[in-house]
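Here is what each chain is made of, one letter per residue.
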Amino acid sequence: HYSFFPGTPVWPEGRRDLTFAFLPDNELSDEAKAVFVSAFQKWSTVIPMTFTETTSFYSADIKIGFYVGDHGDGEAFDGVLGTLAHAFSPPSGMFHLDGDENWVIGGDITTSTVTSAIDLESVAVHEIGHLLGLGHSSVEESIMYPTITSKTKKVDLANDDVQGIQKLY
Ligand code: TQI
Ligand code: ZN
Ligand code: ZN
């Protein structure tokens, strides 16, 4: 079953059209950016919210960046595997990914020759759930289930995820 953060933080009533931006220093490929667009779409199809890219990192509601090790928020990344990414509860909008992971984009991740390969979209969909206010779920098929193994690809919302997010928005 789905859960919320303590105190059930959500984006306020008037904030239904949010912007997101990528850390300019990361210089992400269009392919990588498209993964995040697709991940946002999974959620925007089931709730009355929209997510639009803006080039202004400073003013964006949701700030997406890859960082390595200690990056100044007290939650240092730890190299390959372990913590993959973290996102903070609403309305923080901070979405950080561990730049040391072997991120894989698209296709069939199970055929990757890299044993520690992590599917970027699977992690993005999960972290966006946190950005919107969802905690972890006890339902194994759900996007918000707190365990993922390398080479797993899970990008479609389960009924449990949909029910949880529709309670919030
Ligand atoms: N990062 C954890 C996560 O996003 C961070 C975290 C731990 C957390 N406890 C939390 C966030 C409680 C909110 C509330 O869950 S992670 C997965 C999963 C991670 C884990 O790097 O371990 C995914 C990132 F759930 F699959 F294991 C993405 Cl998909
Ligand atoms: Zn961080
Ligand atoms: Zn999580």
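For the structure itself, consult the block above.
Residues numbered from 1 in each chain as written. Chains lettered and ligands numbered in written order. Predicted model: local features only at pLDDT ≥ 70, side-chain atom pairs only at ≥ 80, totals over all residues. Heavy atoms only, no water.

### Remarks on the overall build of the protein
And step 1. Secondary structure assignment for the protein yields 3 helices and 7 strands.
And step 2. Ordering the α and β elements of the protein from the N terminus gives β-α-β-β-β-β-β-β-α-α.
And step 3. Considering only contacts in the protein between residues 6 or more positions apart, those separated by 24 or more positions represent 66%.
And step 4. On the protein, roughly 8,100 Å² of surface is accessible, and the fraction owed to carbon and sulfur atoms is 51%.
And step 5. For the protein, the separation between the mean place of its 9 positive charges and that of its 24 negative charges on side chains is 6 Å. (Helix = DSSP H or I, 4+ residues; strand = E, 2+ residues; numbered from the N terminus. Contact = heavy atoms within 4.5 Å. Areas by Shrake-Rupley, 256 points an atom, 1.4 Å probe, with all protein chains shown as cover. Lys, Arg positive; Asp, Glu negative; His and termini not counted. Charge placed at Lys NZ, Arg CZ, Asp CG, Glu CD.)

### Some remarks on the coordination of the zinc ion (ligand 3)
Ideal donor angles around a metal are set by the shape: a four-donor tetrahedron calls for 109.5 degrees, a six-donor octahedron for 90 or 180 degrees.
And step 1. Protein-derived coordination of the zinc ion (ligand 3) comes from His126 (NE2), His130 (NE2) and His136 (NE2), at a distance range of 2.0 Å.
And step 2. Coordination geometry of the zinc ion (ligand 3): the 4 donor atoms subtend angles of 94 to 128° at the metal centre, consistent with an arrangement described as tetrahedral.
And step 3. For the zinc ion (ligand 3), the donor residues sit on a single chain with the sequence spacing H-x3-H-x5-H. Of this pair, histidine 126 sits in helix H2 (residues 120–132) while histidine 136 is found in the loop between H2 and helix H3 (159–168), placing the two residues 10 residues apart along the sequence.
And step 4. Histidine 126 sits in the buried class, given a relative accessible area of 13%.
And step 5. A relative accessible area of 36% means that histidine 136 is categorised as partly exposed. (Donors = N, O, S within 2.8 Å, 3.2 Å for Na, K, Ca; no water. Tetrahedral: all angles 85-135°; square planar, octahedral: opposite > 155°, others 65-115°. Buried < 20%, exposed > 50% of the residue type's maximum accessible area, 1.4 Å probe, protein only.)

### Concerning the sheet that holds strand S3 (residues 62–67)
And step 1. Ordered in space as S2-S1-S3-S5-S4, the 5 strands form an open sheet in which the pairing is mixed. Each edge of the open sheet is held by one strand with a lone partner, namely strand S2 (50–53) and strand S4 (85–87). When the angles between neighbouring strand axes are averaged without regard to direction, this sheet yields 20°.
And step 2. Pairing geometry for strand S1 (residues 17–22) and S3, over 3 bridges, is parallel. The residue bridging phenylalanine 20 from the neighbouring strand is isoleucine 62, located in S3. (Pairing = 2+ DSSP bridges. Axes fitted to C-alpha atoms, helices over the stretch in contact; angles between N-to-C directions.)

### Let's talk about the site of ligand 1
And step 1. Taken together, 13 residues sit near ligand 1, with Leu84, Ala85, Glu127, His136 and Ile148 positioned nearest.
And step 2. The separation between a nitrogen atom of ligand 1 and a polar main-chain atom of alanine 85 is 2.8 Å.
And step 3. Taking glutamate 127, its side chain carries an N or O atom lying 2.6 Å from an oxygen atom of ligand 1.
And step 4. Notes on ligand 1: free accessible area 570 Å², of which the protein chains cover 73%.
And step 5. Of the residues forming the shell around ligand 1, the biggest block, 4 residues, is contributed by H2.
And step 6. Considered class by class, the residues forming the shell around ligand 1 number 7 nonpolar, 5 polar and 1 charged. (Near = heavy atom within 4 Å. Polar contact = N/O pair within 3.5 Å; in protein donor to acceptor, adjacent residues only side chain to side chain. Nonpolar A, V, L, I, M, F, W, Y, C, P; charged D, E, K, R; others polar.)

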